[in-house]
Amino acid sequence: MKLSDLGDRICILGPSSSGKSTLADAIARKRGLTPIHLDLLFHLPNTDWLQRPRDEFIALHDAAIAGERWVMDGNYSVCMPQRFQRATGLILLDISTPASLLRYFRRTLFEKERRGALEGGRDSIKWDMIHHIAVTTPKNRSRYRVTFDQVNLPKLQLSSVRAIKKCFQDWDLAR
């Protein structure tokens, strides 16, 4: 599949720490799309990842998808129906739980200026996040696959870190 086959409004789903934000930024640079990181809309800036009020998040999300050219990373199922209605393509990152955990530790400990980081926020190892990746994410993974199968859009599933790296090479996405 060519990157252009996904159109001008691309959704990227997948588990925490799977590389959604990194891929979204690379696609945005390559295609001239606006990168939208749902974590940044869902959480309040200058906090330690405190959630916005639900109505405020939905309003920010809906304003973001009204644009004509974007790549959006994140799951947040409360807004998936309207997001998929506007989307022209979908990418599912489906890496393993151990790979997600390793990526979480690496990014939290060593990436001070990481993509998708919360403005003014602090990244630190959090037990809640480890639990989310190790316990909640495997349950969500099957939901994401079902959603992926049901969505009638051009779509691509990348099921390993190796497949994601190959995608970067095939599409000539600079990191």
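See the structure printed just above.
About the criteria used
- Residues numbered from 1 in each chain as written.
- Predicted model: local features only at pLDDT ≥ 70, side-chain atom pairs only at ≥ 80, totals over all residues.
- Heavy atoms only, no water.
- Helix = DSSP H or I, 4+ residues; strand = E, 2+ residues; numbered from the N terminus.
- Rg over C-alpha atoms; globule rule 2.2 N^0.38 Å.
- Buried < 20%, exposed > 50% of the residue type's maximum accessible area, 1.4 Å probe, protein only.
- Areas by Shrake-Rupley, 256 points an atom, 1.4 Å probe, with all protein chains shown as cover.
- Lys, Arg positive; Asp, Glu negative; His and termini not counted.
- Charge placed at Lys NZ, Arg CZ, Asp CG, Glu CD.
- Pairing = 2+ DSSP bridges.
- Axes fitted to C-alpha atoms, helices over the stretch in contact; angles between N-to-C directions.
- Contact = heavy atoms within 4.5 Å.
- Left-handed = near helix turned anticlockwise from the far one by under 90°.
- Nonpolar A, V, L, I, M, F, W, Y, C, P; charged D, E, K, R; others polar.
- Salt bridge = Lys/Arg side-chain N within 4 Å of Asp/Glu carboxyl O.

Enquirer: Would you take a moment to explain the overall build of the chain for this structure?
Expert: Helix and strand content of the chain: 7 helices and 5 strands. N-terminal to C-terminal, the α/β element order of the chain is β-α-β-α-α-β-α-β-α-α-β-α. The globule rule puts the C-alpha radius of gyration for 175 residues at 16 Å, and the 15 Å found for the chain is close to it. Taking the principal axes of its C-alpha atoms as reference, the chain extends roughly 40 × 35 × 30 Å. Taken across its 175 residues, the chain has 48% of its residues classed as buried. Working note: accessible area of the chain is about 9200 Å², and carbon and sulfur atoms make up 54% of it. Placing the 28 positive and 19 negative side-chain charges of the chain at their respective mean positions leaves the two points 5 Å apart.

Enquirer: What's the story with the sheet that holds strand β4 (residues 89-93) in this structure? I'm lost.
Expert: Sheet strands pair via backbone hydrogen bonds, and the direction of the pair is either parallel or antiparallel. Taken together, the 5 strands give an open sheet; going across it, the order is β2-β3-β1-β4-β5, and neighbouring strands pair in parallel fashion. Unpaired on one side and paired on the other, β2 (34-37) and β5 (155-158) mark the two borders of the sheet. Shown here is a sheet whose adjacent strand axes are inclined to one another by a mean of 15°, direction ignored. Bridge count between β2 and strand β3 (residues 70-73): 4 bridges; the pairing is parallel. Each residue of the ladder has a partner; that of His37, found in β3, is Asp73. Packing against the sheet, helix α1 (residues 20-31) makes contact with β1 (9-13), β2, β3 and β4, and its axis sits at approximately 160° to β1. On the sheet, helix α6 (residues 127-150) packs against β4 and β5 and is oriented at approximately 155° with respect to β5.

Enquirer: Teacher, can you tell me more about the packing of helix α5 (residues 97-110) against α6 here?
Expert: A pair of packed helices is captured by two measures, namely the crossing angle of their axes and the spacing between those axes. Running from N to C, α5 and α6 point in directions that differ by 145°, and their axes come no closer than 10 Å. In the crossing of α5 with α6, the sense of the turn from one axis to the other is right-handed. Residue-level contacts link Thr97, Ser100, Leu101, Tyr104, Phe105 and Arg107 of α5 to Met129, Ile130, Ile133, Ala134, Pro138 and Arg141 of α6. Along the lines of polarity and charge, the residues of the contact of α5 with α6 split into 8 nonpolar, 2 polar and 2 charged.

Enquirer: Can you walk me through the environment of Leu60 in this structure?
Expert: Here Leu60 lies in helix α3 (residues 54-65). We classify Leu60 as partly exposed; its relative accessible area is 31%. For the pair Leu60 and Leu41, spaced 19 residues apart in sequence, the C-alpha separation works out to 6.4 Å. Residues in contact with Leu60, not counting those within four places in the same chain, are Leu41 and Arg52.

Enquirer: Hey, could you run me through the pattern of salt bridges in this one?
Expert: When the charged atoms of two side chains lie near each other, side chains of opposite charge can form a pair. By the definition in use, this model includes 10 salt bridges. Put simply, Asp48 and Lys126 hold a salt bridge, and the shortest N to O gap is 3.1 Å. With Asp48 in the loop between α2 (38-42) and α3 and Lys126 in the loop between α5 and α6, this residue pair connects regions lying 78 residues apart in the sequence. Taking relative accessible area as the criterion, Asp48 reaches 29% and is therefore assigned partly exposed. The partly exposed category is assigned to Lys126, whose relative accessible area is 22%. Of the charged contacts in the structure, one is a salt bridge between Arg141 and Asp94, with a shortest N-O distance of 2.9 Å. A residue pair is termed long-range when its members are at least 10 positions apart, and Arg141 in helix α6 and Asp94 in the loop between β4 and α5 qualify at 47 residues. With a relative accessible area of 8%, Asp94 lands in the buried category. Members of the salt-bridge network, linked through shared partners, are Asp8, Arg31 and Arg69.

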